Amino acid sequence: MKKIIPLLVLFTTLQVFSQQKASVELNYPIPKGDNFMSNYKGLIDVGFKYRFSDKEDFTFGLSLNANYLTYTYDNPGVNFKTQNYNLQPRVFGELKLKGVPRLHPALGIGYTFMQFSSSGSGDTGEEIINFNESESLSGFNFNVSFSFDFTKKMFAQVQYDVIKVSDTPEGVPDTKYNTTANFIKLGIGYRF
């Protein structure tokens, strides 16, 4: 029985991938706009999409993106580095354009989980204070993307993500600057 279960999982995975219902992507995230993420530097975004419904004009599916960004502040008296990890599960709909079958516009909606981890030091004039802090934020995510097929399996894409943070931390004003983050993601992908 123990040998049958891994074989079934392998067979099912091969079946899913052989029908070109899945894709993986590698993106470069670029924070945009005047918001709390605008000073961050995007490093990497990886994604996975699975299309579970294929209609005549639309394809519907699930996607999951994970990205990593950093922010460094280095001034006399205060320096710190913040690392940001985001996880973005969502549902999406992809439009099939009969006149341009290689172009795939899509809309997605989901949720984003953001984890911030900061470490650094500050000089108060009397002593140097070292700190390590972490914070979690989350909120709804809206995504617009366009992918273009180079081959049957390879594609390039551009995405625009808007994240609306649901709860700001205590003491942080509930303003657009503190509750909205925008990203452009440029990348490539491969369909299975």
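Here is what the cut-offs are and how they apply
Residues numbered from 1 in each chain as written. Predicted model: local features only at pLDDT ≥ 70, side-chain atom pairs only at ≥ 80, totals over all residues. Heavy atoms only, no water. Salt bridge = Lys/Arg side-chain N within 4 Å of Asp/Glu carboxyl O. Helix = DSSP H or I, 4+ residues; strand = E, 2+ residues; numbered from the N terminus. Buried < 20%, exposed > 50% of the residue type's maximum accessible area, 1.4 Å probe, protein only. Polar contact = N/O pair within 3.5 Å; in protein donor to acceptor, adjacent residues only side chain to side chain. Contact = heavy atoms within 4.5 Å.

Please clarify how the pattern of salt bridges should be interpreted in this entry.
Between side chains of opposite charge, a pair can form when the charged atoms approach closely. With the rule as written, the count across this model stands at nine salt bridges. The partner of Glu25 in a salt bridge is Lys49, with the nearest N and O atoms 3.8 Å apart. Of the two residues, Glu25 is situated in strand E1 (residues 22-32) and Lys49 in strand E2 (residues 41-54); the sequence distance between them amounts to 24 residues. Neither residue differs from the other here; Glu25 and Lys49 are each classed as buried. Taking the shortest distance from any N to any O, the salt bridge between Arg90 and Asp161 comes out at 3.2 Å. With Arg90 in strand E4 (residues 78-95) and Asp161 in strand E7 (residues 154-165), this residue pair connects regions lying 71 residues apart in the sequence. Residue Asp161 is classed as buried on the basis of its relative accessible area, which comes to 0%. Sharing partners across several salt bridges, the network here consists of Asp45, Arg90, Asp161 and Lys185.

I'm lost on the side chain of His104 in this one. Help?
Mapped onto the fold, His104 is located in strand E5 (residues 103-123). A distance of 2.7 Å separates polar atoms of two side chains, one belonging to His104 and the other to Asp149. Not counting the four nearest positions on each side in its chain, His104 is found in contact with Glu94, Leu95, Ser145, Phe146, Ser147, Asp149 and Arg191.

Function cannot be read off these values alone, since they describe shape.
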